[in-house]
Every structure is written in C-alpha cells, then in structure tokens.
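So you can see what is in the structure, the chains are spelled out below.
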Amino acid sequence: MLNFGGSRGQTIAKAVAGLRAEVITANVRDRLTNFLQIEDSRELYHANPRRIAAHLQLPERETLNILLVCLQAGLVVLNWEVQCPVCGGIDFNPKSLIDLRTYHTCPACHLVHATDADNQVRVTFSLDDRLRKLGSEADDPQFRQTIDAKYGAVSGHRMLTLNAFRDLFPRERVPPNESLLVRRVAILFTDLAGSTALYSRRGDARAYNLVRQHFNLLFSIVDEHNGLVVKTIGDAVMGAFTVPMDALRAAIAMHRQIAHLNQELKLAPEDCLILKVGIDVGPCISVTLNDRPDYFGLTVNTAARIQATSQGNDIAVTEALADELTASSLAKDWTWQRRTHMLKGIDDPVLVHYIQPVLTAAL
Ligand SMILES: [Zn+2]
C-alpha cells in the first residue's frame, strides 16, 4: 500500500473503513483504499468508472454500486458531463441531474442540441478534496482521452438505470418539464396471466402474498441483469435496460425462476403463476415523474402492447430485438412463432416474435 505520510492515508483508510459492510467486502475495501491513495492523481479526477473497475478488479455494475455508496458517504463526487456532438468539447458545468436540460448549449462552439443521455451525457467520479487535495496536475485532458478511448465512457443513461442510484439518491432528478433523449433502450413489461381468477380463487390476501413473492423475484432479476425497475402497475412490472440482450436474459431468468417458485410452493396447476413478457427496443425520452425516473415514447407503448398479446410462458419481442437474437445464435433450439398485430394506439401493423426459450439452456 502506498503511504501518504500519515494523515492523508489515514483519512482515506478511515473513510473507506466507515463504508457499510454489507456492500463491500474486506478484500474490496483494501483495493479501494489503495486506489484512492494512488500516487497518480489523474486517476482520481473526473475518473472513468470503467477504469476504476479495472483498478478494483470488479465488474462495472458492482463498481458503480460501490462508487454510489462512496458518493453517499462523501468520499467522491459524481460529475455529469456533456460532450458536444460537433466540436467534442466537454461541458463540466452540470453538477447533478437537475442541471441537465432537454436542450444543451455547448459552451465552446455554442451549438444547441437535444441532450442525448446515451451518447453525450457521461458520468465520472472525482475524489472529494476534503479527503485529499489533488494538485493541478490531476486535470489532464489528454490522459482522460486516452482512458476513454481504451475503456469507453459510462453514459448518463447507464447511471439512470442503476437501481442503487434511484434508491440512494431519490432527490436526484431531471427537472420538471425537461427530458433527456435516450437513443436506445430495451423496455420490458411483464404481467401475470389470469391473475383476476387467482385473486377470486385464493382470496385477496393469499393471492397478493403470491404476487408479492413474484415481485421480489422479478425485482432482483432485473437488478442482476443491469436493469432498472421503473415501476409496477397492478401485477405488471416495467423494466429498462441499456443493453437489449440483458432484457432478454432477464426475461428468460424470470420464466425459469417463476417455474421454480410454482414448484417450490407446490401450487395446483390452476394456481400456478404464468408470466407474460413483452420487450421492445428503441428510442425514448427519460423524465422524472412523481419523483421517480420514467420513460415515454413509442417504444414504451409498443412493449406494453405486445406484452398484452403474449399467451404466457413466452417472450413477445419486436423485430428490433429478434434481429439481434438471430445474430447471436442463442435461440437455435427455441420455439419461435411470428404473428402480425394491429396494436391500439400504433398506426402500422407490428410483427411480433413469440419465443419459448429452453429454460435449462445456459446463457
Ligand atoms: Zn461544441
């Protein structure tokens, strides 16, 4: 471990030691302490989270979750940067989500452009200067460019799809009447087939107990697959994923685990939970509504509508995801049907692919 002559090293070690034990193991704690004491201060100023993940030898999602705990404890600050799509200049002024607007003006070339949360808004972390004062050499644009070229930036949209961000920073929001453009997101809707009959057969309390267990399963599956639980509507769950294949993998895990739950609870066939899932991929706008992140647009409507056409125990997907799936060759043993539907509120007919995955297949 590098030694910063007593007080600085001790301040950092003490601050890391104070982090909540349940989110960070002793091993990671040591690596994090070493990283925050690193000699090269450029690594700690507007640092790319993927570079930090490499230092901590952890996956990106786990690293982001740890950085959010550090943010909450005041060890680091989170920067929302906006890169101009024309001149490439980076606006470092936004200090939080509330500083972002539907349209952004580049401070360098004065271009006004829609704020694109996927391609232009990026998040970085800096060490809080109360822990360690970084010298002027920490601010090295050339160094950051080299790191970004190697690892790729972490988008603002990725941060918005982290459940931990929503849970730990509920006040962080896109301002009212403003929205961010999302170029590509996978929106997943689930619902339970025949839940009205389930409530009438089992009674409200017993049926809801079952529905609650299904919610808990689905919430953790969405989180494990890098997705955000946007909201629940009745027995339905809406999730958002920045990587479309993550949404599909989550849907498969949902079917698998609901089947396990049915078995575990030894439910009679007529009481078994049957999940309907629909996924669409495309652009959306991201807003904060009723203090929570939400998405609006045709992709959201399509995902909700195609979920409603599912028979249960299948995954209804649009052409956008089906193309990606075919290309990945994951689906070669799966049952696959296609039907075209006219969907309410959508002008053109929509080709829907219904896939029934082999639940034992390793993905
Ligand atoms: Zn510019």
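Each remark here, short or long, concerns the structure printed above.
Residues numbered from 1 in each chain as written. Predicted model: local features only at pLDDT ≥ 70, side-chain atom pairs only at ≥ 80, totals over all residues. Heavy atoms only, no water.

Across its full length, the protein chain carries twelve helices and 13 strands. Against the 2.2 N^0.38 benchmark of 21 Å for 363 residues, the protein chain shows a C-alpha radius of gyration of 23 Å, consistent with a compact globule. For the protein chain, the C-alpha atoms occupy an extent of roughly 70 × 45 × 40 Å along the three principal directions. The burial tally for the protein chain puts 50% of its 363 residues in the buried class. Accessible area of the protein chain: about 17,000 Å², with a carbon and sulfur share of 51%. (Helix = DSSP H or I, 4+ residues; strand = E, 2+ residues; numbered from the N terminus. Rg over C-alpha atoms; globule rule 2.2 N^0.38 Å. Buried < 20%, exposed > 50% of the residue type's maximum accessible area, 1.4 Å probe, protein only. Areas by Shrake-Rupley, 256 points an atom, 1.4 Å probe, with all protein chains shown as cover.)

Moving on to the coordination of the zinc ion. Looking at the zinc ion, the protein donor atoms are C84 (SG), C87 (SG), C106 (SG) and C109 (SG), and they sit 2.3 Å from it. Coordination geometry of the zinc ion: the four donor atoms subtend angles of 105 to 118° at the metal centre, consistent with an arrangement described as tetrahedral. The motif formed by the donor residues of the zinc ion, counted along the single chain, is C-x2-C-x18-C-x2-C. Pair noted here: C87 is in the loop between β1 (76–83) and β2 (90–91) and C109 is in the loop between β3 (103–105) and β4 (112–114), with a separation of 22 residues, a long-range link. Its relative accessible area of 33% is what places C109 among the partly exposed residues. (Donors = N, O, S within 2.8 Å, 3.2 Å for Na, K, Ca; no water. Tetrahedral: all angles 85-135°; square planar, octahedral: opposite > 155°, others 65-115°.)

Right, let's talk about helix α2 (residues 26–36) for a bit. For α2, the set of buried residues is V28, R29, L32, T33, F35 and L36. The buried residues of α2 occupy an angular sector of 160° when the element is viewed end-on, so they sit on one face. In this structure, α2 carries A26 and N27 as exposed residues pointing more than 90 degrees from its buried face. (Arc of directions from axis to C-beta.)

A few words on unusual backbone geometry. Positive phi values are uncommon outside glycine, yet K266 reaches one of about 50°. Positionally, K266 belongs in the loop between α10 (244–264) and β9 (275–289). Even without being a glycine, D291 presents a positive backbone phi close to 65°. The residue D291 is located in the loop between β9 and β10 (292–296) in this model.

Turning our attention to a nonpolar patch on the surface. On the surface, I285, L289 and F296 cluster together to form a nonpolar patch covering roughly 240 Å² of accessible area. Tracing the chain through its elements places L289 in strand β9. (Patch = residues over 30% accessible without salt bridge, like charges linked within 9 Å, V, L, I, M, F, W, Y side chains within 5 Å. Salt bridge = Lys/Arg side-chain N within 4 Å of Asp/Glu carboxyl O.)

A few words now on the packing of helix α8 (residues 195–202) against helix α9 (residues 204–224). Their axes nearest at 6 Å, the elements α8 and α9 cross at an angle of 130°. As the angle between them shows, α8 and α9 are arranged oblique. For the pair α8 and α9, the sense of crossing is right-handed. Across the interface between the two elements, L198, Y199 and R202 of α8 pack against D204, R206, A207, Y208, L210 and V211 of α9. Partitioned by chemical class, the residues of the contact of α8 with α9 number six nonpolar, no polar and three charged. (Axes fitted to C-alpha atoms, helices over the stretch in contact; angles between N-to-C directions. Parallel < 35°, antiparallel > 145°, perpendicular 65-115°, else oblique. Left-handed = near helix turned anticlockwise from the far one by under 90°. Contact = heavy atoms within 4.5 Å. Nonpolar A, V, L, I, M, F, W, Y, C, P; charged D, E, K, R; others polar.)

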